[in-house]
Structures are given as structure tokens and as C-alpha cells.
Amino acid sequence: ETGVTQTPRHLVMGMTNKKSLKCEQHLGHNAMYWYKQSAKKPLELMFVYNFKEQTENNSVPSRFSPECPNSSHLFLHLHTLQPEDSALYLCASSQPGTAIYGYTFGSGTRLTVV
Amino acid sequence: SQQGEEDPQALSIQEGENATMNCSYKTSINNLQWYRQNSGRGLVHLILIRSNEREKHSGRLRVTLDTSKKSSSLLITASRAADTASYFCAPSGNRDDKIIFGKGTRLHILP
């Protein structure tokens, strides 16, 4: 375990479903991130939160809705997804001043949209 | 934020041999990090080298940095089957940079 826990590990959902991915860390970090990793593509940074505030949204479709209720928890709410949204979703956390300390990643949620 | 470019894209070597992968970047950096990703898992932070350092070691890992050439290399000595993974470099220009990952180097250790 890295200290960043993602649940569930695997998720299969229909295009009309609503589901949520959860990320939790107790490392004392104040920055949290969502990345998407599709097959044969580089990791894509989706959202960045610093001290619970969203500071970056990289043109992510509105069918992905992040929520950060506190510095330890990050959610990604999913609704009316498309098959091309099937991917590995990775959560990471760090101290602010990110690049100095490196990121700690969770093990990811493998999402399949059918 | 900037993205590093890893080379080669794929590398297969025999167990016990050394593996070297390279990273190039475009603009000046504060530090450069290397990460490993086992198939279908999250990334693991391996090592960070600061811009004023030329070489850093961690166990079987050796990282070099040449800021004049804007390049870094990661050497894994005495490779093991467990080293089979993708490796990513992450150059960072300042403390507020977000880490943007490239395509990585896929390393396969043959038995």
C-alpha cells in the first residue's frame, strides 16, 4: 500500500449509470489529482485540487464531476459515460509545491463502460 | 509544466543485464523525477534529481542529469524479472508545476 487508497479497484458500468470513484489519503498531503490512462495513450491529467479547491480542469467533459470535501478525500462522479471513457483512473496526492516532493499514486480503478 | 520524452519506447533485455533508458526535455528545470508503473497499477516514485546534481543513486538505480543537453538517464543494474514495468520521467521547472507524463519506456526483462 502506498498510502493512497482507491476504491473500487474494478468497475463495470452501463452508459446510463451513475457511479463514483473514491480516493483517500492520510499522508497529510494537501494536493490531490485525477489522471486518466487509456490503452496506448500517455497519462492525462484531468483535475487538480489544492487545499480542497479545484485549481485545474484540463478540458474534461462534464460527465466527469470531481469533488474534494477535505484534503484527505477525492471523488470522481461519473454519469452517462461513453465506451471511450473506459480506462484506468489514477488518483495521486502530494504536498503543495508538487514538483519538489513527487507524487504518491493509488493503485487505480479500472473502469469499463459497456 | 512540461512533458519528458523517454527513449527507447520499448526495451527487452536478459535478466541480470543492465537497462538504460533516457529522457529528454525542452526547457530548464528545477528537478527531474523518475517513476515506475507495473502493468495496470499506479505509478511509484523512484528517484528525484535536482538541477544542481549530476548523478544520484538509490539501490540498483543510478540516475544522471545533464542540464546542458537537457537530458537524463536511468540505469537499472543487475535487472530482475520484477523490474518489468513502464518507466516515466517527469521534468519540473518550478514548484507549482504539475507532473505531465509522456509515453514512457516499456522495459521487459527476459528470463
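Residues numbered from 1 in each chain as written. Chains lettered and ligands numbered in written order. Predicted model: local features only at pLDDT ≥ 70, side-chain atom pairs only at ≥ 80, totals over all residues. Heavy atoms only, no water.

A. Region of the structure containing the overall build of chain B. Looking only at helices and strands, one finds zero helices and ten strands in chain B. The helix and strand sequence of chain B, counted from the amino end, reads β-β-β-β-β-β-β-β-β-β. The C-alpha atoms of chain B give a radius of gyration of 13 Å, which matches the 13 Å a tight globule of 111 residues would have. When the backbone C-alpha atoms are referred to their principal axes, chain B occupies close to 40 × 30 × 20 Å. When each of the 111 residues of chain B is scored for burial, the buried share is 45%. Taking the contacts inside chain B whose residues are at least 6 apart along the sequence as the reference set, 57% of them involve residues at least 24 apart. Counting only carbon and sulfur atoms, one obtains 44% of the accessible surface of chain B, whose full area is about 5400 Å². Of the charged side chains in chain B, 15 are positive and 11 negative; the average position of the first set lies 4 Å away from that of the second. (Helix = DSSP H or I, 4+ residues; strand = E, 2+ residues; numbered from the N terminus. Rg over C-alpha atoms; globule rule 2.2 N^0.38 Å. Buried < 20%, exposed > 50% of the residue type's maximum accessible area, 1.4 Å probe, protein only. Contact = heavy atoms within 4.5 Å. Areas by Shrake-Rupley, 256 points an atom, 1.4 Å probe, with all protein chains shown as cover. Lys, Arg positive; Asp, Glu negative; His and termini not counted. Charge placed at Lys NZ, Arg CZ, Asp CG, Glu CD.)

B. Structural detail: the overall build of chain A. Along its length, chain A carries one helix and eleven strands. A compact globule built from 114 residues should have a C-alpha radius of gyration of about 13 Å, and chain A, at 13 Å, falls within 12% of that. Dimensions along the principal axes, computed over C-alpha positions, put chain A at roughly 40 × 25 × 25 Å. When burial is assessed residue by residue, chain A has 50% of its 114 residues classed as buried. Contacts spanning at least 24 positions in sequence make up 54% of the contacts within chain A whose residues lie at least 6 apart. Looking at chain A as shown, the accessible area adds up to about 5200 Å², and 50% of this sits on carbon and sulfur atoms. Taken together, the 10 basic and 8 acidic charged side chains of chain A have centroids lying 7 Å from each other.

C. Layout of the state of the cysteines. Residues and elements named next belong to chain A. For the coordinates displayed, the defined rule picks out two disulfides over all chains. Disulfide pairing places Cys23 opposite Cys91 at an S-S distance of 1.9 Å. In this structure, the disulfide formed by Cys23 and Cys91 twists by about -70° around the S-S bond and is classed as left-handed. Of the two residues, Cys23 sits in strand β3 (residues 18-25) while Cys91 sits in strand β9 (residues 87-94), which places them 68 residues apart along the sequence. (Disulfide = S-S within 2.5 Å.)

D. Region of interest: the environment of A:His73. Residues and elements named next belong to chain A. Inspection of the secondary structure puts His73 in strand β8 (residues 73-79). C-alpha of His73 to C-alpha of Leu45: the two residues are 28 residues apart in sequence and 18 Å apart in space. Those residues in contact with His73, other than ones at most four positions away along the chain, are Lys22, Cys23, Glu24, His26, Met32, Glu67 and Cys68. A distance of 3.4 Å separates a polar atom in the side chain of His73 from a polar atom in the side chain of Glu24. (Polar contact = N/O pair within 3.5 Å; in protein donor to acceptor, adjacent residues only side chain to side chain.)

E. View of the interface of chain A and chain B. The interface is formed by 22 residues belonging to chain A together with 23 residues belonging to chain B. Buried area between chain A and chain B, both sides added, is near 1800 Å², and the carbon and sulfur share of it is 56%. Run the count over chain A and chain B and you get zero salt bridges. Inspection of the region where chain A meets chain B yields five residue pairs in polar contact (both at pLDDT 80 or more). Of all the secondary-structure elements, those providing two or more residues to the side of chain A that touches chain B are β4 (31-37), β5 (44-50), β9 and α1 (98-101) of chain A. When grouped by side-chain class, the residues that make up the side of chain A that touches chain B number 13 nonpolar, six polar and three charged. (Buried area = accessible area lost by both parts, 1.4 Å probe. Salt bridge = Lys/Arg side-chain N within 4 Å of Asp/Glu carboxyl O. Nonpolar A, V, L, I, M, F, W, Y, C, P; charged D, E, K, R; others polar.)

F. Main features of the environment of B:Ser72. All names here are of chain B. Structurally, the position occupied by Ser72 is in strand β8 (residues 71-76). Residue Ser72 is classed as buried on the basis of its relative accessible area, which comes to 4%. Here Ser72 is in contact with Met21, Asn22, Cys23, Leu32, Trp34, Val63, Thr64 and Leu65, once residues within four sequence places are set aside. At 2.8 Å, the side chain of Ser72 forms a polar contact with the backbone oxygen of Thr64.

G. Here's a closer look at the layout of surface pockets. Estimates place the volume of the largest pocket at around 550 Å³. Taken together, 24 residues form the lining of the largest pocket, with A:Gln37, A:Lys40, B:Gln37, B:Ser86 and B:Arg106 sitting closest to its centre. Elements supplying a minimum of two residues to the lining of the largest pocket: β9 of chain A together with β9 (85-92) and β10 (105-110) of chain B. Of all the elements, β9(B) adds the most residues to the lining of the largest pocket, at three residues. (1 Å grid on protein atoms, 1.4 Å probe; cavity = no way out; pocket = protein on both sides within 12 Å on 5 of 7 lines; lining within 4 Å. Points joined across faces, edges and corners; volume = space filled by probe spheres on them.)

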